[in-house]
Amino acid sequence: MSELVFFSGTMDCGKSTLALQIEHNRSARGLVGMIFTRDDRAGEGKLSSRLGLVTDAVEVEDGQDLYAYLVDHLSQGGRADYVIADEAQFLAPDQIDQLARVVDDLGIDVYAFGITTDFRSKLFPGSQRLVELADRVEVLQVEALCWCGARATHNARTVGGVMVVEGAQVVVGDVAQSPDEVGYEVLCRRHHRRRTTAATAHAAALSPDVLPVSPA
């Protein structure tokens, strides 16, 4: 039986690396896959991991019907033994429904990869729909770590190293951005609640102690 499987986790937990591994393992056995992505860090039409691995992919556009795209591909003699959808949190709920239809009507396995919540700890609409529809939800076991060493469970958006909690839900960035740019950092719940990033924690540690005031 074909399945819709959602592999979820925070940033830096190896989602795209696993997607590339699944692609490698299946292509090595003679299978042919269709890879969808959206707003990958490597640029349009790419699926990449932070380990430096990259492959070509179909860049999903707003309003694109993924089921119709697959049907058209197959009707023209193309082949798709499985589908990989990376950065699936950026897909619209309707597009997640279309991926479920690929599984049910075409009998093709779909492996979706994405983060579940945004920088405000709110569900991405695409991820929410995947949780609602997926045959299986797999939380990746490669644990990303907060700067304090605890397990990272939340994604934070930063500007100049300072955590921000307002703005558009989707702003493309990476965990390796320079301090002056919009970037992202994974934090444990405690430090996400306190809005304490690695940069602000370091600044606090370097600030001088307040000298005691002697009574007059």
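Conventions adopted
- Residues numbered from 1 in each chain as written.
- Predicted model: local features only at pLDDT ≥ 70, side-chain atom pairs only at ≥ 80, totals over all residues.
- Heavy atoms only, no water.
- UniProt positions renumbered as here; feature names shortened; annotations may be inferred.
- Helix = DSSP H or I, 4+ residues; strand = E, 2+ residues; numbered from the N terminus.
- Polar contact = N/O pair within 3.5 Å; in protein donor to acceptor, adjacent residues only side chain to side chain.
- Pairing = 2+ DSSP bridges.
- Contact = heavy atoms within 4.5 Å.
- Axes fitted to C-alpha atoms, helices over the stretch in contact; angles between N-to-C directions.

## Observations concerning the UniProt feature "binding site: substrate" (unreviewed entry) in the protein chain
Now for step 1: Listed under "binding site: substrate" (unreviewed entry) in the UniProt record, and renumbered for this structure, are Val170, Val171, Val172, Gly173 and Tyr184.
Now for step 2: Note that tyrosine 184 resides in strand 11 (residues 182-187).
Now for step 3: Of the polar contacts made by the side chain of tyrosine 184, one reaches the side chain of arginine 157; its length is 3.0 Å.

## Some details on the sheet that holds strand 6 (residues 82-85)
Now for step 1: Spatially, the 6 strands line up as an open sheet ordered 5-2-6-7-1-8, and their pairing is parallel. Here the strands that pair on one side only, and so sit at the sheet edges, are strand 5 (58-59) and strand 8 (136-139).
Now for step 2: Of the pairings in the sheet, the one linking strand 1 (residues 4-8) to strand 7 (residues 109-114) comprises 5 bridges and is parallel in character. Bridge pairing in strand 7 places phenylalanine 6 opposite alanine 112.
Now for step 3: Its contacts with the sheet place helix 2 (residues 66-75) against strand 2 (33-37), strand 5 and strand 6, and it is angled at close to 150 degrees to strand 2.

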